[in-house]
Amino acid sequence: MACPDNKEPNTSCETGKLVDDEEDNGVTLEEILEEEAQLEEDANAVLGGSDDANCTYRLGYVNRQALYACVTCRQRSGNLTQLAGVCLACSYHCHDGHELIELYTKRNFCCDCGNSKFPTNKCTLATEKSELNENNSYNQNFLGKYCTCQKPYPDPDDTNPDEMVQCIMCEDWHHNKHLGSSPPPDQDYSEMICGQCMEKYPFLNAYLQPIETEQTSVCRLSKLEAIEKDQLNVKKATFWPEGWRNKLCRCEKCLALYADKKIQYLTDDQDTVEHYEQKGKMACVNRPSNNERLMEALSSLDRIQQVEAITEYQSFAAELKDYLKTFADNKRVVREEDITEFFGRLKERKRRRLDGESAGMPHFCR
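Keep in mind that what you see is a predicted model, and the values were worked out from it rather than measured.

Caption draft 1: Region of interest: the overall build of the chain. From N to C terminus, the chain includes ten helices and eight strands. Evaluated residue by residue, the chain yields a buried proportion of 38% over its 366 residues.

Caption draft 2: Molecular detail of the nonpolar core. Grouped together as the largest cluster of nonpolar side chains are 29 residues, with contacts concentrated most on Met169, Ile193, Leu204 and Leu266. Counting residues per element, the ones that place at least two in this core are strand E7 (191-193), helix H4 (195-200), strand E8 (238-240) and helix H6 (252-260). With residues near it in sequence (within four places) discarded, Leu204 still touches Met169, Ile193, Met198, Trp240, Trp244, Leu248 and Leu266.

Caption draft 3: Expanded view of the environment of Gln140. With respect to the helices, strands and loops of the structure, Gln140 is situated in the loop between strand E4 (100-109) and strand E5 (164-166). Through-space distance from the C-alpha of Gln140 to that of Pro152 is 9.9 Å; in sequence the pair is twelve residues apart. If we skip the residues at most four places from it in the chain, Gln140 touches Lys145, Tyr146, Cys147, Gln150 and Asp172.

Caption draft 4: Focus on empty space enclosed by the protein. Applying the stated criterion across every chain, the model contains one cavity of 30 Å³ or more. Space inside the largest cavity adds up to approximately 70 Å³. Lining the largest cavity, in full, are Ala69, Cys70, Cys73, Arg74, Gln82, Leu83, Ala84, Lys117, Phe118 and Phe142. Contributions of two or more residues to the lining of the largest cavity are made by strand E3 (62-70) and helix H2 (71-77). Along the lines of polarity and charge, the residues of the lining of the largest cavity split into seven nonpolar, one polar and two charged.

Caption draft 5: Summary view of the packing of aromatic side chains. Counted by the stated rule, this structure contains nine aromatic pairs. Ring geometry for Phe342 against Phe343: centres 5.3 Å apart, planes inclined by 85 degrees, an arrangement best described as edge-to-face. Note on Phe342: relative accessible area 1%, which makes it buried. Relative accessible area serves as the criterion here: at 41%, Phe343 is assigned to the partly exposed category. Through a chain of ring-to-ring contacts, three or more aromatic side chains come together here, namely Phe109, Tyr138 and Phe142. Sitting over the ring of Tyr265, Arg107 keeps its end group 3.6 Å from the ring centre.

Caption draft 6: Highlighting a negative patch on the surface. Taken together, the side chains of Asp186, Asp188, Glu242 and Glu274 define an acidic patch exposed on the protein surface. Assignment of secondary structure puts Glu242 in the loop between E8 and H6. Judged by relative accessible area, Glu242 falls into the exposed class, the value being 63%.

Caption draft 7: Looking closely at the layout of surface pockets. The space that makes up the second largest pocket amounts to roughly 740 Å³. If you go around the second largest pocket, you meet 32 residues; those closest to its centre are Arg107, Ser137, Met169, Cys170 and Tyr265. Where the lining of the second largest pocket is concerned, the elements lending two or more residues are E4 and H4.

Conventions used here
- Residues numbered from 1 in each chain as written.
- Predicted model: local features only at pLDDT ≥ 70, side-chain atom pairs only at ≥ 80, totals over all residues.
- Heavy atoms only, no water.
- Helix = DSSP H or I, 4+ residues; strand = E, 2+ residues; numbered from the N terminus.
- Buried < 20%, exposed > 50% of the residue type's maximum accessible area, 1.4 Å probe, protein only.
- Core = buried A, V, L, I, M, F, W, Y, C linked by side-chain atoms within 4.5 Å.
- Contact = heavy atoms within 4.5 Å.
- 1 Å grid on protein atoms, 1.4 Å probe; cavity = no way out; pocket = protein on both sides within 12 Å on 5 of 7 lines; lining within 4 Å.
- Points joined across faces, edges and corners; volume = space filled by probe spheres on them.
- Nonpolar A, V, L, I, M, F, W, Y, C, P; charged D, E, K, R; others polar.
- Phe/Tyr/Trp six-rings, centres within 6.5 Å; stacked < 30°, edge-to-face > 60°.
- Lys NZ or Arg CZ within 6 Å of the ring centre and 35° of its normal.
- Patch = residues over 30% accessible without salt bridge, like charges linked within 9 Å, V, L, I, M, F, W, Y side chains within 5 Å.
- Areas by Shrake-Rupley, 256 points an atom, 1.4 Å probe, with all protein chains shown as cover.
- Salt bridge = Lys/Arg side-chain N within 4 Å of Asp/Glu carboxyl O.
- Lys, Arg positive; Asp, Glu negative; His and termini not counted.
- Charge placed at Lys NZ, Arg CZ, Asp CG, Glu CD.

Here is the structure:
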């Protein structure tokens, strides 16, 4: 049974839009795809082109990678202060169904999964591992605490949530309101160094002063140390412009200083989060996006099938968002069984609808 002309949804294959004359405030497929594309780009940036099938242990201390801390394994070990991190692949294959803390990225880290810190959970992807990774660095983030306030994120007791920014030195995350200083008004900065790290590495204060750009054989730091000491006594968060690391002195004396403080990464162009995120985005350049795959599939359908598919897609996207929101609101981890249950409900609903249509009830007529 065909729908009356004045009741049929209006579609455009070129833009992927679906407009319902009776629902002007509805969400278009194009809007859904744009939002999904942004989420996909953000995910690629965070994962940095990480391998989701192979443990990174074989790569040794990876320059920068996405990491996770397993709360479930820590509780099972009986050591609630145990600090350990696992790579993306191990979070999927060895800690599936566990409560995980997403750590974003950490530098120069070797995957701990299955070593002596995990007595009850062996790594299924790389069985031969050393007892400990001696060169790994850990901070309170591995326990789910952040900032100088040592609160979890998100903080259930914070009635005024604040944006957080990561210090490039200690790699802890800090609330803007606890930094002791404000970001530039136009947010025009590339990296932040927290007050504790500015105090720990006082030589960095010298680089807050104007620095010559020409290359010389004279140590830049020694020239800057001539500045009055009170001008260099900065013990609050500082915000640095893009390319500031290139101005760090690389004379023999300064390189020895960086090595002694174990901060050689400051002179490594590939250490920055910006480089890491760009690497993730570039890894997906030649891979068709979800949008492209969806539009290619739509182009192979006739107009009625396109209307059906777009309508189903919109309904699915809205329902999935609502379903996942309940987990976020209740701070619950989404398990494999939860996703199976969600799709099981969709399948059952589709079966009932098809049974109704086979009995003569048109789907698009109201």
